[in-house]
Amino acid sequence: MAEKPEELSENLQRLRDEITCPVCHEVYEDPKLLPCCHYYCKECIVQLAGKEQPFPCPECRKDTFLVQDSADGFPPAFFVDRMKSAVSVLEKCRDVSGSLGAVAAIPSCDQCSSPEACSVAFCRQCTHFMCEFCEQAHKRLKVYSDHTVVRMIEESLEPGADVAVSLRSLSFDGHGSIESAKMCQRHTEQLKMYCFTCEEVICRDCTLIDHKDHQYEFVKACVPQIKQDLQDSLVPLEEAQAKLRKAKVKVEKFKARSHDHKKALEDEIQQHCHGVMQMVEKYQKEMLDQVHSKADDNLKSLATQEKSLEMSMEELQGVMNLVRNAASSESREEVVSVHKQLQEKIKEETARINALDLTPVVEPFSDILETRKKGIEDSLRKSIKVIPLAVDPIKCTVEVPEVETSTFKSFLLSTHCWSYAACSEGIIKAELKSMVDESVIQLLVSESPTKGTFQLSCTPKVRGHHQLTVAVNERPIPGSPFPVFVKHPPNQLGEPIRIINNVGVPIDITINQEGHLLVSDTFPNGILHTLTKDGQRIVGSKRKISSIRSIAIDREGCFIVTYLPALHMHYTNVIAKFDKDWKLIKKQRFSRGFFGGKVKISPDNQYYVCDTYNNMFVLRPLSKS
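The structure presented is a predicted model; accordingly, all values stated were derived computationally and were not measured.

Asks: It is not clear to me how the overall build of the protein chain should be interpreted in this structure. Could you clarify?
Replies: Of the regular secondary structure elements, the protein chain holds eleven helices and 31 strands. Across the 625 residues that make up the protein chain, the buried fraction comes to 32%. Of all intrachain contacts in the protein chain linking residues separated by at least 6 positions in sequence, the fraction that spans at least 24 positions is 46%. By element, 55% of the accessible surface of the protein chain is carried by carbon and sulfur atoms, the whole surface being about 40,600 Å².

In structure tokens:
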């Protein structure tokens, strides 16, 4: 199917962008590939390097050193040249007016002097369009004998087909690139050989001069293996890509959870703050009412005092006026007649006023806030704690891990509400019921380090199928009851990993540095076996040690063995030290007691030995002296 004009235009523009250097913003000129796999024009690399070594890559900022102080040391980016050739071919597939996306005209021949000569073929190596005459000449020349010339009209174009699209299919290989001959910059020969020693493409002359004793092969012969190696190297990249995709999915989930977390916290904060504000407004009203009541009572009392003082002042003023009138009277008889009476009145008024409590009578109320402050703070704390955020059981999920008997195990419940009140209020309830004996275990609900999640913990006792029932707000969460199978731990008695039974009567065991098992066997007369960790005997490792009791390895790697000698009439235990080749270093008697002599070595290289006489000995390390 032919591409739409706008799609052809977009493809061409995309290729133009890919052949544009991000440094100079021009079409790549002699592009070089840096070790970080980013590529730039050779001249741009020289400018980037300047006099500083190393210089940072403009895209990834990785430090890069020039190879032999020149940009020529970097390998060329051949694929950029292919893309440039692709753009060149596509641009030739434009209509006469030069506009992209229209039905293309057949391009003219690139080798004829006549511009009217229409091309009928295309050379993949030269990337040239040719007319019929030039095609025949191209095929006759020996130098072009290995070139691939494709007939356009016979093999590619169909009636009514888009010429631009057909030409594009001729010019591109299976990966969308154009195959053109690459020339050696030193010998002007085609690069046909690959040097495995230097890992670079070379020409025939290079094999005789610079790569004389190297291992090389024709490019055509080694390309399939190199392509296979590259294909195989994609495996770790694909695994890394899968990890990145998995991590991205997790990030997206956490983003969604973060949005939910944000919304839940907003609702929770609004609910809490609303409750706190209601509480504050309540206490504010109560305290203001107290202030108003106290203040009104004080104002009434002060008004009464004020009126009493005004009356006393009026009465005193009358007495003072009477005394002034008498003092200013011209009649001697009047002054003498009222003198005694006025004196008594003055004493009476003075005594009455002195007896009055002139201090304003008020009841203090400035401590109302301070008195109730602590109670208000305590009430506010309690009010914040008891405001729960509603938990939606539909949003809850449970992770069910593998469960083993006699093992404390936790199931992880995610409520997606981020409220610790759910646990403290007993909203979450969970139980594990055995389908074998119908016993029920109530799970312990505890807060998880991650807000909004809780651990449902228990220790199952019965092996077999169980059902985990989880309810939130007395409503079962989706999926409840969950099937849970409880199994025995791998190392629990009754389900051993492996049984080793190819020794007689094993009495002691230790493990050497190679991971082999050294087993003390008392049957028939004392044998030391060396086994692999799978219990297989190691050929030639069996040693006879009379009535061997115990074996250990000290920090020098020497073997410490306790045994009963062949003639042990008094059952005297012997401890001996052997080197790594089982050559005796020293031995000595240390106690009496049949079936005794178990030895263990501490990190500081002291020997701890016990016998059947209820004794335990701490011995110094054995040495040759």
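Asks: Explain the pattern of salt bridges to me, please; I cannot follow it from the model alone.
Replies: Once their charged atoms are close, side chains differing in charge can pair, the charge on each being opposite to the other. This structure, assessed with the given rule, holds nine salt bridges. Here Lys-139 ties to Glu-135 by a salt bridge, and the two come within 3.2 Å at their closest N and O atoms. On the criterion of helical spacing, the pair formed by Lys-139 and Glu-135 is a turn pair, its members being four residues apart in helix 4 (residues 132-140). Taking relative accessible area as the criterion, Lys-139 reaches 48% and is therefore assigned partly exposed. Given the relative accessible area of 1%, Glu-135 is considered buried. The closest approach of N and O atoms between Arg-352 and Glu-315, which form a salt bridge, is 4.0 Å. In this pair, Arg-352 is assigned in helix 9 (residues 332-355) and Glu-315 in helix 8 (residues 219-327), connecting sequence segments 37 residues apart. For Arg-352, a relative accessible area of 27% translates into the label partly exposed. Taking relative accessible area as the criterion, Glu-315 reaches 40% and is therefore assigned partly exposed. Within this structure, Glu-315, Lys-345, Glu-349 and Arg-352 form a network of salt bridges that share partners.

Asks: Honestly, a nonpolar patch on the surface in this entry has me stumped. Any pointers?
Replies: On the surface, Leu-309, Met-313, Leu-356 and Leu-358 cluster together into a nonpolar patch covering about 380 Å² of accessible area. Positionally, Met-313 belongs in helix 8. Residue classification places Met-313 among the exposed positions, given a relative accessible area of 59%.

Asks: I tried to follow the nonpolar core on my own but got confused; where do I start?
Replies: For soluble globular proteins, the rule of thumb is that nonpolar side chains tend to be buried together. Membership of the largest hydrophobic core comes to 21 residues, with the highest contact counts inside it found for Phe-411, Leu-456, Leu-468 and Val-470. Listed in part, the 20 residues of the second largest apolar core include Cys-21, Leu-34, Cys-44 and Ala-77.

Asks: What's the story with the sheet that holds strand 23 (residues 527-531) in this structure? I'm lost.
Replies: The sheet built from four strands is open, its strands ordered 21-22-23-24 with antiparallel pairing. With partners counted over all chains shown, the strands left at the sheet margins are strand 21 (506-511) and strand 24 (543-544), one partner each. When strand 21 meets strand 22 (residues 517-521), the two strands line up antiparallel, connected through five bridges. Across the sheet, residue Ile-511 finds its bridge partner in strand 22, namely Leu-517.

Asks: Would you explain helix 4 in this entry?
Replies: Residues that lie three or four places apart on an α-helix share one face, since the helix turns once every 3.6 residues. Listed as buried for helix 4 are Cys-134, Glu-135 and His-138. The arc that holds the buried residues of helix 4, viewed along the axis, is 105 degrees, so those residues lie on one side. In this structure, helix 4 carries Phe-133 and Arg-140 as exposed residues pointing more than 90 degrees from its buried face. Where the residues of helix 4 are buried, they touch strand 5 (121-123), strand 6 (128-130) and strand 7 (149-151).

Asks: How should I be thinking about the pairing of strand 23 in this particular structure?
Replies: Working note: regular strand, side chains alternate between the two faces of the sheet. The buried count for strand 23 comes to five of five residues, which makes it a mostly enclosed element. Burial of the side chains of strand 23 extends over both faces: Ile-527, His-529 and Leu-531 are buried on one face and Leu-528 and Thr-530 on the other. Bridge count between strand 22 and strand 23: five bridges; the pairing is antiparallel. Looking at strand 23, one finds that Leu-517 is bridged to Leu-531. Alignment of strand 23 against strand 24, held across two bridges, turns out to be antiparallel. Residue pairing across strands places Ile-527 opposite Lys-544, the latter belonging to strand 24.

What counts and how
- Residues numbered from 1 in each chain as written.
- Predicted model: local features only at pLDDT ≥ 70, side-chain atom pairs only at ≥ 80, totals over all residues.
- Heavy atoms only, no water.
- Helix = DSSP H or I, 4+ residues; strand = E, 2+ residues; numbered from the N terminus.
- Buried < 20%, exposed > 50% of the residue type's maximum accessible area, 1.4 Å probe, protein only.
- Contact = heavy atoms within 4.5 Å.
- Areas by Shrake-Rupley, 256 points an atom, 1.4 Å probe, with all protein chains shown as cover.
- Salt bridge = Lys/Arg side-chain N within 4 Å of Asp/Glu carboxyl O.
- Patch = residues over 30% accessible without salt bridge, like charges linked within 9 Å, V, L, I, M, F, W, Y side chains within 5 Å.
- Core = buried A, V, L, I, M, F, W, Y, C linked by side-chain atoms within 4.5 Å.
- Pairing = 2+ DSSP bridges.
- Arc of directions from axis to C-beta.

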